[in-house]
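Coordinate analysis (summary)
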Number of protein chains: 2
Amino acid sequence: MPLGQGYPQQDCAIARALELVGDRWTLLVLRDCFFGVHRFADLVARLDVPRAVLSDRLARLVEAGLLVPDGRSYRVTEAAHPLWPALRSLAAFGESAQAAAGGSVRRFAHVTCGTDTTADGRCPTCGTVPPPPDLVVRAVGGRGRRDDPVSVALRAPHRLLTPLP
Amino acid sequence: MPLGQGYPQQDCAIARALELVGDRWTLLVLRDCFFGVHRFADLVARLDVPRAVLSDRLARLVEAGLLVPDGRSYRVTEAAHPLWPALRSLAAFGESAQAAAGGSVRRFAHVTCGTDTTADGRCPTCGTVPPPPDLVVRAVGGRGRRDDPVSVALRAPHRLLTPLP
DNA sequence: GCAGGCGGTTCGGTCATTGAACTAGCATCG
DNA sequence: CGATGCTAGTTCAATGACCGAACCGCCTGC
């Protein structure tokens, strides 16, 4: 994994996944990339991550084919889409703690049906599990701790994977 | 999070989840606990984790209510069940890398239907997403890198959450 | 009593992370 | 052209988490 070295003795797909995304920052970087953040400076501002660490993580994700550099921005590739259910599951697990802390939670609506997906990612109207590009994310509750333009734009409803600013 | 301190500036449920399970070993500890490993020594042997680190991670998980100590063993509580979909999603994501490395992958069968669940956790026979206690895990492919009794027992089909040895 | 297994702690060394300062490329403006 | 400013990324000393091995205390069986 990005931190330490890896889990070479583990004969396990979860260990392989964590070797790529199991460090302190990578999943949060991917979260923001799914939400449309795509510039180095925006990621630094939103994550409060040291620039050296972000530079390293982005390079690893590019090398793994999950992100692709496009001039001054990074785009999520299709290879990263299988990671979306993991992010959504972690969000569902963290929701109670987040709500207890007075923060906002996110809802993901199926763009073709207009209904919110359930905790397991399913659209109750059509019964499918929409892929990330077919979801519209919005924040509900909380008061919003950040005032930078990117964070404000992220709170408004918008489609996943579409570059934000 | 367990490592470092946390992400206090992040107004995000994923960040709350990662503050609890986003460090170097916690998700692998929970993986083994879901699979039935429940003794300190077995976890040390299977994970190659420093004893001090495992001690710290177990204490955090107990404090969070995800594990409960029971004499000389640790049991997964219901509060930890919402984390299972995240583990399963990570396994699905890591499967290609794991297969490419010549390792084994796991299948999870719905115990009441006898059919394997799909990558999104659904039972194709009954259409539900079975909870962890209704799943039987087995390893397919690979050659098994570990010979300790616990790892051997883990490779045989068995029900999740039932103490193994 | 005593040997051995078990859960857990202590401790010095190592390595990743942190945060601030610095470099380099590029565009704009006067 | 030269100055200015923005962006991406690197360097570097200090901090802190992690690592591995040795040690401690408890319980059990002989």
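Residues numbered from 1 in each chain as written. Chains lettered and ligands numbered in written order. Predicted model: local features only at pLDDT ≥ 70, side-chain atom pairs only at ≥ 80, totals over all residues. Heavy atoms only, no water.

Topic: the domain arrangement of chain A
All names here are of chain A. What counts, and what does not: Domain borders in the structure are assigned automatically or taken from a domain database. Note on definitions: buried area is the accessible-area loss of two parts on being combined, 1.4 Å probe, summed for both. A pair is scored as a salt bridge if a Lys or Arg side-chain nitrogen falls within 4 Å of a carboxyl oxygen belonging to Asp or Glu.
By domain assignment, chain A separates into domain 1 (13–80) and domain 2 (81–159). Inter-centroid distance (C-alpha atoms) of domain 1 to domain 2 is 19 Å. Here domain 1 meets domain 2 over a buried area of about 1400 Å², counting both sides, of which 67% is carbon and sulfur. Ranking the residues of domain 1 by area buried against domain 2 places F34, F35 and R46 at the top, with a combined share of 50%. At the surface where domain 1 touches domain 2, the tally comes to one salt bridge.

A word on the protein's contact with DNA strand D
Which entries qualify depends on this criterion: The rule for a residue being near a molecule or strand is that one of its heavy atoms must lie within 4 Å of it. Between N or O atoms, a polar contact is any pair within 3.5 Å; within protein, one atom must be a potential hydrogen donor and the other a potential acceptor, and residues adjacent in sequence are included only when both atoms are from side chains. Numbering of helices and strands starts at the N terminus; helices are DSSP runs of H or I of at least 4 residues and strands are runs of E of at least 2.
The full set close to DNA strand D counts 16 residues, and A41 and S55 of chain A together with R24, W25 and R57 of chain B are the nearest of them. If you look at DNA strand D and keep only atoms within 4 Å of the protein, 65% of those are sugar or phosphate atoms. Note that a phosphate oxygen of DNA strand D is positioned 3.3 Å from one of the backbone N or O atoms of R72 of chain A. Between Y74 of chain A and DNA strand D, the recorded distance is 3.0 Å, taken from a side-chain N or O atom to a phosphate oxygen. Looking at the surface near DNA strand D, the elements that each hand over two or more residues are α3 (40–47) and α4 (51–64) of chain A together with α4 (51–64) of chain B.

Thoughts on the protein's contact with DNA strand C
Our working definition: All amino acids are sorted into three groups, where Ala, Val, Leu, Ile, Met, Phe, Trp, Tyr, Cys and Pro are nonpolar, Asp, Glu, Lys and Arg are charged, and the leftover types, Gly among them, are polar.
What surrounds DNA strand C is a group of 15 residues, the closest being W25 and R57 of chain A together with A41, S55 and Y74 of chain B. The sugar-phosphate share of atoms of DNA strand C within 4 Å of the protein amounts to 67%. Side-chain polar atom of R24 of chain A to a phosphate oxygen of DNA strand C: 3.0 Å apart, as the coordinates give it. Between a phosphate oxygen of DNA strand C and a side-chain N or O atom of W25 of chain A, the distance comes to 2.9 Å. Listed by contribution, the elements that provide at least two residues to the surface near DNA strand C are α4 of chain A together with α3 (40–47) and α4 of chain B. Per-element accounting of the surface near DNA strand C gives the leading share, three residues, to α4 of chain B. When its residues are assigned to classes, the surface near DNA strand C shows eight nonpolar, two polar and five charged.

With respect to the side chain of D32 of chain A
Rules: Any two residues whose heavy atoms approach within 4.5 Å at even a single point are treated as in contact.
Its place among the elements puts D32 of chain A in helix α2 (residues 26–35). Each residue touching D32 of chain A, except ones within four places of it in the same chain, is listed here: V37, L43, R46 and L47 of chain A.

What to know about unusual backbone geometry
Residues and elements named next belong to chain A. Even without a glycine there, the phi angle at D48 is positive, about 55°. The phi torsion at L161 lies on the positive side, around 70°, for a residue other than glycine. Summarising the element assignment, L161 is placed in the segment after β5 (158–159).

Digging into the packing of helix α2 (residues 26–35) of chain B against helix α5 (residues 84–100) of chain B
Residues and elements named next belong to chain B. Selection rule: Only C-alpha atoms enter the line fits that serve as axes; for helices the fit covers just the stretch in contact. Angles between N-to-C directions range over 0 to 180 degrees. An angle below 35 degrees is read as roughly parallel, one above 145 as roughly antiparallel, one from 65 to 115 as roughly perpendicular, and any other as oblique.
Viewed as axis vectors pointing N to C, α2 and α5 meet at an angle of 105°, and their least axial separation amounts to 11 Å. In terms of their interaxial angle, α2 and α5 are classed as roughly perpendicular. Mapping the contact onto sequence places L27, L30, R31, F34 and F35 in α2 and W84, L87 and L90 in α5.

Considerations on the pairing of strand β2 (residues 73–76) of chain A
Residues and elements named next belong to chain A. Formally: For two strands to be treated as a pair, DSSP must find at least two bridges joining them.
Bridging between strand β1 (residues 67–70) and β2 involves four bridges; their strand directions are antiparallel. In the strand pairing of β2, P69 is matched with Y74. Where β1 hands over to β2, the hairpin turn is made up of two residues, of which G71 adopts a positive phi near 65°.

Remarks on the relation of the copies chain B and chain A
Definition in use: Copy-to-copy superposition: least squares on the C-alpha atoms, limited to residues that have pLDDT of at least 70 in both copies.
Aligned on chain A, chain B shows an RMSD of 0.1 Å; the corresponding rotation is 180° and the shift along the axis is 0.0 Å. Each copy turns onto its partner about a two-fold axis. Of every C-alpha in chain B, the one belonging to A86 of chain B sits nearest the axis of rotation, 2.4 Å from it. When the interface residues of chain B are mapped onto chain A, 100% of them again fall at the interface, so both copies present the same face.

As for the packing of aromatic side chains
The following threshold applies: Centre distance within 6.5 Å is the pairing criterion for rings of Phe, Tyr and Trp, where only the six-membered ring of Trp is used; planes under 30 degrees apart are then read as stacked, over 60 as edge-to-face, and the remainder as tilted. Burial classification: accessible surface area is computed with a 1.4 Å probe over protein chains only, and a residue below 20% of its type maximum counts as buried, one above 50% as exposed, and the rest as partly exposed.
This model, assessed by the stated rule, comprises ten aromatic pairs over all chains. Aromatic pair F35 of chain B and W84 of chain B: ring centres 6.4 Å apart, planes at 70°, arrangement edge-to-face. One end of the pair, F35 of chain B, is in helix α2; the other, W84 of chain B, is in helix α5, with 49 residues separating them in the sequence. Across the pair, exposure class does not vary: F35 of chain B and W84 of chain B are buried alike. Members of the aromatic cluster, each reached through a chain of ring pairs, are F34, F35, W84 and F108 of chain A.

Here we look at the packing of α3 of chain B against α4 of chain B
All names here are of chain B. Counted only if it meets this: The crossing is said to be left-handed when, going from far helix to near helix, the turn is anticlockwise and less than a right angle, and right-handed when the turn is clockwise.
Look at α3 against α4: their axes get within 10 Å of each other, and the N-to-C directions meet at 120°. Classed by the angle they form, the pair α3 and α4 counts as oblique. Crossing hand, α3 versus α4: right-handed. Contacts from F40, L43 and V44 of α3 reach α4 at R51, L54, S55 and L58. Class assignment of the residues belonging to the contact of α3 with α4 gives a composition of five nonpolar, one polar and one charged.

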